[in-house]
4 protein chains.
Amino acid sequence: MVFILKPNVEKEKIEHFILDWEQKGFSTILSVGTEHTAVCLIGNTAEVDLDHAVQTNDIISYGKRITEQYKAVNRTVHEDNTIIRVGDVNIGEGYFTVISGPCSVESEEQIIKIARSVKDSGAKILRGGAFKPRTSPYAFQGKKAEGLEMLKAAKQETGLPIVSEIMNQNQIDLFDDVDILQIGARNMQNFDLLRAVGEINKPVLLKRGLANTIEEFLMSAEYIVASGNNNVILCERGIRTFETMTRNTLDLSAIILLKQKSHLPVIADPSHAAGIRSLVAPLAKAALAVGADGIMVETHNDPAKALCDGAQSLDLLQFNELMADLKIRAAVENKEIA
Amino acid sequence: MVFILKPNVEKEKIEHFILDWEQKGFSTILSVGTEHTAVCLIGNTAEVDLDHAVQTNDIISYGKRITEQYKAVNRTVHEDNTIIRVGDVNIGEGYFTVISGPCSVESEEQIIKIARSVKDSGAKILRGGAFKPRTSPYAFQGKKAEGLEMLKAAKQETGLPIVSEIMNQNQIDLFDDVDILQIGARNMQNFDLLRAVGEINKPVLLKRGLANTIEEFLMSAEYIVASGNNNVILCERGIRTFETMTRNTLDLSAIILLKQKSHLPVIADPSHAAGIRSLVAPLAKAALAVGADGIMVETHNDPAKALCDGAQSLDLLQFNELMADLKIRAAVENKEIA
Amino acid sequence: MVFILKPNVEKEKIEHFILDWEQKGFSTILSVGTEHTAVCLIGNTAEVDLDHAVQTNDIISYGKRITEQYKAVNRTVHEDNTIIRVGDVNIGEGYFTVISGPCSVESEEQIIKIARSVKDSGAKILRGGAFKPRTSPYAFQGKKAEGLEMLKAAKQETGLPIVSEIMNQNQIDLFDDVDILQIGARNMQNFDLLRAVGEINKPVLLKRGLANTIEEFLMSAEYIVASGNNNVILCERGIRTFETMTRNTLDLSAIILLKQKSHLPVIADPSHAAGIRSLVAPLAKAALAVGADGIMVETHNDPAKALCDGAQSLDLLQFNELMADLKIRAAVENKEIA
Amino acid sequence: MVFILKPNVEKEKIEHFILDWEQKGFSTILSVGTEHTAVCLIGNTAEVDLDHAVQTNDIISYGKRITEQYKAVNRTVHEDNTIIRVGDVNIGEGYFTVISGPCSVESEEQIIKIARSVKDSGAKILRGGAFKPRTSPYAFQGKKAEGLEMLKAAKQETGLPIVSEIMNQNQIDLFDDVDILQIGARNMQNFDLLRAVGEINKPVLLKRGLANTIEEFLMSAEYIVASGNNNVILCERGIRTFETMTRNTLDLSAIILLKQKSHLPVIADPSHAAGIRSLVAPLAKAALAVGADGIMVETHNDPAKALCDGAQSLDLLQFNELMADLKIRAAVENKEIA
């Protein structure tokens with residue numbers, strides 16, 4: 001159940017209103033939007049008389065029951081789109097934000113070279129894996145803490161905010177200077193990790209699990225937001241199907257539905273979805289066409305020698321061409337490549 | 001194994017060349033493209049000495065082994081894109097052909113009304129189901145032969161070529177005046193039907209089965225082309241996955257791969273893929289963005305009262321808006337909405 | 001809606017009762033069980049007053065609404081298990097019927113040799129493919145009509161009833177001497193074929209489609225039974241999943257649910273499900289353990305040289321061992337290997 | 001590459017042999033079986049001359065290349081079945097170990113009541129969730145540390161070893177008195193957790209992820225064993241497919257393949273796989289039939305009031321009946337219900 005408040009209600013009255021419900025045994029979520037403020041009740045609201053509640057409290061504009069299990073990330077609770085700000089970069093409505101960089105940070109020289117190049121091409125955020133979740137314990141596991149330092153050096157050099165994957169909650173301090181914490185597909189339902197990143201105030205890029213439904217994806221975002229962190233970016237990265245010619249199947253319908261059902265920004269990762277370089281550019285354009293708020297694309301200065309996922313990485317020239325193509329199309333969609 | 005012939009080889013020499021291989025026990029496929037002509041050998045070619053064959057026959061430009069199981073539909077055999085002509089309409093490279101109409105023909109009045117409207121909006125081909133494959137024997141099974149007559153009346157009235165689903169090979173004569181035979185997803189591996197439509201010379205719109213791989217899809221097209229009919233249009237219409245929020249998952253990556261691996265035109269059916277009206281337009285734009293040669297979109301004059309699949313049908317105004325959106329984007333892709 | 005009739009109602013009264021409902025616009029299905037007779041109404045029964053109907057007609061024992069879309073195959077309509085009789089062989093409750101033979105009939109000598117051997121081991125029905133649905137048009141397509149003749153010769157020789165796959169409705173006459181018509185997974189939703197075999201009175205072995213739900217499977221059986229043929233045997237043969245180590249994933253849960261929801265006999269095909277010889281015997285035992293009414297197992301006198309599916313075929317000795325294992329376990333389950 | 005050592009080689013010689021390879025840059029895994037001891041090399045073994053290595057070192061009996069990515073869990077490295085001992089209970093070859101208890105520990109009274117009952121029926125290990133991974137942050141999350149205390153009280157009372165799910169590596173000390181650490185399906189690829197439980201010497205029950213392949217499952221087990229802990233029990237608990245009538249699809253073929261490819265014990269969880277009470281008993285019997293080393297079955301004293309997963313829980317009487325059924329069938333399979 002959500003109560004949309006009247007405009008300009010005094011803070012004290014809202015606090016009082018919230019306290020009142022909490023004393024009745026409900027949890028609450030306060031959602032402050034640009035258009036209006038809402039208070040969402042969590043708990044057994046079946047016995048709450050909605051009309052009575054609205055009529056007897058003059059700070060409420062109107063109330064609605066929420067049938068979905070996700071509340072805080074629900075568009076019903078927060079009608080306007082959430083825009084997440086990372087440094088000077090906006091992620092959300094009106095922008096098409098391109099994140100790029102190598103699957104794995106390999107050396108300071110490499111990451112700086114790539115960072116400069118993708119920045120010149122128009123990328124606004126630099127990605128780079130330091131801790132790599134790999135199916136095999138014998139595969140390259142990333143440069144770890146050292147990789148984060150290299151990534152920070154590239155940030156220093158270029159001014160690009162950085163995003164990197166965090167693998168467990170004990171690493172949070174290590175990621176202090178990382179601008180966006182990425183939670184990988186395999187950890188989408190690592191609920192203790194979700195709760196932990198929910199307790200800090202830093203943007204989280206949450207990837208959809210490889211066989212998780214759209215509803216489960218939203219419920220995982222709900223864990224983070226309900227723990228206090230509203231800065232969640234959803235990332236569709238392909239789902240596991242029977243098809244073997246692609247690494248995964250990019251579910252573009254999911255992007256449309258996520259944008260309808262939630263106010264959070266949604267981006268696509270065409271690189272991991274496809275697993276094949278030649279599919280990345282067309283899928284990136286398709287993501288823009290369905291209304292995604294951005295993409296995360298893997299690039300490498302020398303894909304053939306990449307320590308990880310070279311087959312799906314664009315080289316720097318290909319990325320530059322993609323950006324040129326995207327700029328033309330973003331204009332058609334009234335979006336700023338940001 | 002495929003032999004690409006030199007330009008302007010005399011017909012007789014080609015026939016002799018083919019006969020020669022057939023006498024050695026191979027089947028052959030003659031593929032006449034605009035750029036060059038190719039002869040493909042089917043059979044156990046492991047023991048054929050490719051170099052020797054090329055060197056000893058002066059009509060051959062060069063030869064290649066084909067590792068894929070699909071031969072006649074393989075781009076290796078036929079490098080340039082096949083363009084299929086239906087009346088004045090082109091389907092293939094350079095065009096983005098829009099097929100539209102109701103899931104099911106309901107009355108002559110209805111189908112003519114829809115036909116006129118979608119034509120005005122820019123659709124080039126009219127669709128309409130007469131024989132409907134339904135999961136339940138108690139559901140509406142279509143207007144059958146009578147439905148085909150109504151469809152033909154709409155063709156008469158508007159000049160739009162028509163496409164309708166054929167359910168078994170005994171219906172071929174009934175479909176005499178239908179311009180394109182549609183083979184539905186459930187019949188994608190009905191091999192006797194594939195062979196039967198391969199023996200006539202009429203365009204076939206072949207839908208991907210709901211859980212068939214890209215390779216199986218191409219093999220089904222191969223059945224038709226190997227039987228003598230080159231006019232096959234592939235249609236991606238969503239695959240079955242674990243996700244339940246959409247009817248199916250539109251596999252846009254498959255469109256890209258099909259275009260890479262085969263010379264046949266490929267279109268998308270966003271209506272059946274999504275099963276939800278609000279997803280149709282963005283998915284249609286995405287299909288254009290990944291390089292599809294067209295779309296098939298369900299429209300209805302009054303979707304709420306449709307006898308079949310109303311929830312995924314656009315009304316005529318929505319379709320008109322979609323067409324306006326597509327025209328702008330087709331221009332960016334250097335394609336003619338045809 | 002189903003009406004369970006009182007015992008020993010005169011035939012005329014039943015006919016009159018049926019006629020009455022049909023005049024009101026409903027279709028009806030008459031289901032004659034060993035315990036009781038039922039009449040099922042098909043159509044919009046929402047407005048029928050069930051209590052009134054029961055109270056005002058003294059041939060009715062009681063009535064029930066059926067929420068499922070499948071009616072004629074629904075256990076609610078026909079509580080006792082259907083037992084299908086093929087020659088001397090029973091398929092259904094109390095029996096565990098083993099069907100065996102090669103994927104493909106290759107020669108008269110071969111099929112007779114296999115038939116004798118599997119009969120000696122305890123198989124009660126002989127299988128053998130004559131028309132083979134193959135993904136590739138260039139793969140061996142079966143011995144066709146000639147293969148059926150060989151199969152009949154083996155029946156002549158051994159007395160075993162025979163089952164073979166029919167690929168389209170025009171073949172029905174050709175299959176005159178075939179005891180059970182098999183409809184393959186790829187044709188599970190070839191509705192015209194289902195209707196055609198529903199109009200003859202011969203047992204049909206219907207395989208589950210490779211990505212069809214349990215409900216869709218029952219709806220396909222409903223097509224056959226609603227067309228007048230009650231003799232349907234359901235066959236679970238593995239579904240398509242993301243797993244690649246097996247050809248398909250045998251869904252043993254489906255067998256349990258099919259037996260709960262329908263009165264039709266259900267068998268398993270562990271050979272096609274697994275695609276790997278070493279999995280066939282354990283999966284066959286599992287099928288028995290979950291309550292299947294039988295299995296269909298591929299055998300070959302020389303699997304390494306089989307023209308089709310050799311990797312999943314048991315040799316005749318392995319089959320004999322499996323039968324010995326099954327006999328011990330069937331005794332535990334109070335079933336007769338028949 | 002694996003070297004099977006001759007019998008009774010002195011420890012020092014083995015250590016020297018291992019050191020030698022590690023100095024050449026390889027990692028090694030020492031696998032001590034009852035029949036023979038093996039040393040497995042991890043790294044780029046392509047350039048190692050296998051014959052030369054065997055001939056020049058007289059402690060080696062023979063060597064083999066291992067093509068699979070999993071080494072330490074590979075049956076090639078360790079031919080005999082691993083039997084894991086928990087208190088007096090054996091898990092592995094010759095035994096069919098039944099683990100039972102509630103999805104979630106609700107109170108000390110409840111868990112003791114259930115523990116006594118399932119022990120009487122023949123269960124050898126008690127399960128009970130204390131930390132519950134739930135899709136929704138608003139659902140009951142378990143009794144947490146308090147729940148573990150209740151579980152330990154039940155162990156005290158009945159002598160049954162206990163198993164409970166650990167959700168992150170920081171909880172390892174909390175689980176000190178828990179006999180088996182369960183890693184849930186959602187954490188199957190939480191590699192940091194796998195490594196952490198690999199560093200202690202306590203049995204781990206590793207569940208297959210809901211959409212992970214058999215190979216990925218073995219690779220996750222490899223993480224644990226390669227970190228030093230050999231006591232891994234694999235648990236198939238159903239995979240996610242398109243079918244919606246069951247919660248998941250129990251993949252019994254996977255059990256057979258896991259037993260073929262690995263030496264680790266494999267059990268089934270029919271409760272979570274099916275999600276429906278009436279399927280649990282037949283699937284349990286099927287697991288026994290395909291060669292599983294045990295099952296984990298959810299039981300509850302009052303399933304209708306269970307705080308979690310009541311619909312799939314057997315009541316205590318039903319569990320008792322299942323155990324009686326299993327005893328008869330275990331005897332047929334020459335297994336001891338242990």
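No experiment lies behind these values; they were computed from the predicted model shown. (Residues numbered from 1 in each chain as written. Chains lettered and ligands numbered in written order. Predicted model: local features only at pLDDT ≥ 70, side-chain atom pairs only at ≥ 80, totals over all residues. Heavy atoms only, no water.)

Draft legend 1. Representation of helix α7 (residues 252-261) of chain A. Across the 10 residues that make up α7(A), a large majority, eight, are buried. Listing the buried residues of α7(A) in full gives A:L252, A:S253, A:A254, A:I255, A:I256, A:L257, A:L258 and A:K259. Packing partners of the buried residues in α7(A) comprise α6 (214-226), β12 (232-236), β13 (266-268) and α9 (277-290) of chain A together with α7 (252-261) and α9 (277-290) of chain B. (Buried < 20%, exposed > 50% of the residue type's maximum accessible area, 1.4 Å probe, protein only. Helix = DSSP H or I, 4+ residues; strand = E, 2+ residues; numbered from the N terminus. Contact = heavy atoms within 4.5 Å.)

Draft legend 2. View of the confidence of the model for chain A. Averaged over all residues, the pLDDT of chain A is 95; the fraction at 70 or higher stands at 100%. Predicted as a complex, the structure gets a pTM of 0.96 and an ipTM equal to 0.95. (pLDDT = per-residue confidence, 0-100.)

Draft legend 3. Region of the structure containing the relation of the copies chain A and chain B. Mapping chain A onto chain B calls for a rotation angle of 180° and an axial translation of 0.0 Å; the resulting RMSD is 0.1 Å. Such values leave the two copies arranged in the relation of a two-fold axis. When each C-alpha of chain A is compared by its distance to the rotation axis, A:A286 comes out closest, at 2.2 Å. Most of the interface of chain A is mirrored in chain B, where 100% of its interface residues again form contacts. (Least-squares fit on C-alpha atoms with pLDDT ≥ 70 in both.)

Draft legend 4. A look at the packing of aromatic side chains. For the structure shown, the criterion picks out 24 aromatic pairs over all chains. Where B:F3 meets B:F17, the ring centres are 5.6 Å apart and the plane angle is 80°; that geometry is what we call edge-to-face. With B:F3 in strand β1 (residues 2-5) and B:F17 in helix α1 (residues 11-23), this pair connects stretches of sequence that are 14 residues apart. By the ring-pair criterion, three or more aromatic residues cluster together here, those being A:F3, A:F17, A:W21 and A:F26. (Phe/Tyr/Trp six-rings, centres within 6.5 Å; stacked < 30°, edge-to-face > 60°.)

Draft legend 5. Focus on the interface of chain D and chain B. Counting residues at the interface gives four residues for chain D and four residues for chain B. When chain D packs against chain B, close to 270 Å² is buried across both sides, 82% of that on carbon and sulfur atoms. Linking chain D with chain B are zero salt bridges, by the criterion used here. Scanning the region where chain D abuts chain B turns up zero residue pairs in polar contact (both at pLDDT 80 or more). (Buried area = accessible area lost by both parts, 1.4 Å probe. Salt bridge = Lys/Arg side-chain N within 4 Å of Asp/Glu carboxyl O. Polar contact = N/O pair within 3.5 Å; in protein donor to acceptor, adjacent residues only side chain to side chain.)

Draft legend 6. View of the pattern of salt bridges. Within the structure shown, the criterion is met by 72 salt bridges over all chains. The salt bridge involving D:E216 is made with A:R240; its shortest N-O contact spans 2.6 Å. You can see D:E216 sitting in helix α6 (residues 214-226) and its partner A:R240 sitting in the loop between β12 and α7, one on each of two chains. For the residue pair D:E216 and A:R240, the accessibility class agrees, reading buried in each case. Two residues, B:K335 and B:D293, come together in a salt bridge whose shortest N-O distance is 3.9 Å. Of this pair, B:K335 sits in the loop between α10 (316-332) and β15 (336-337) while B:D293 sits in the loop between α9 and β14 (294-298), and the two are 42 residues apart along the sequence. Across the pair, B:D293 and B:K335 agree in class, each one buried. Salt bridges sharing partners connect three or more residues here, namely A:R208, A:E236, A:D251 and B:E243.

Draft legend 7. Molecular detail of the sheet that holds strand β2 (residues 27-32) of chain A. Residues and elements named next belong to chain A. Read across the open sheet, the four strands follow the order β2-β3-β1-β4; overall the sheet is antiparallel. Edge positions in the sheet fall to β2 and β4 (60-64), since each has one partner strand and no second. Neighbouring strand axes in the sheet, compared pairwise and without regard to direction, differ in orientation by 20° on average. Looking at chain direction, β2 and strand β3 (residues 37-42) are connected through six bridges and run antiparallel. Of the residues in β3, the one forming a bridge with I29 is C40. (Pairing = 2+ DSSP bridges. Axes fitted to C-alpha atoms, helices over the stretch in contact; angles between N-to-C directions.)

Draft legend 8. The relation of the copies chain D and chain B, seen in detail. Laying chain D over chain B is done by rotating through 180° and shifting 0.0 Å along the axis; what remains is an RMSD of 0.1 Å. Most of the interface of chain D is mirrored in chain B, where 100% of its interface residues again form contacts.

Draft legend 9. Region of the structure containing the interface of chain A and chain B. Residue-level contacts link 36 residues of chain A with 36 residues of chain B. Where chain A abuts chain B, roughly 2,900 Å² becomes buried across the two surfaces, and 72% of that area is made up of carbon and sulfur atoms. Our enumeration of links across chain A and chain B arrives at four salt bridges. Linking A:E243 and B:R208 is a salt bridge whose minimum nitrogen-to-oxygen distance equals 2.9 Å.

Draft legend 10. How the structure looks around the pairing of strand β1 (residues 2-5) of chain C. Residue and element names in this part refer to chain C. Residues of β1 alternate between two faces, with V2 and I4 on one and F3 and L5 on the opposite face, all of them buried. Across three bridges, the pairing between β1 and strand β3 (residues 37-42) is antiparallel. Across the sheet, I4 pairs through a bridge with A38, a residue of β3. Across four bridges, β1 lies against strand β4 (residues 60-64) in antiparallel orientation. Opposite I4, over in β4, you have Y62 as the bridge partner.

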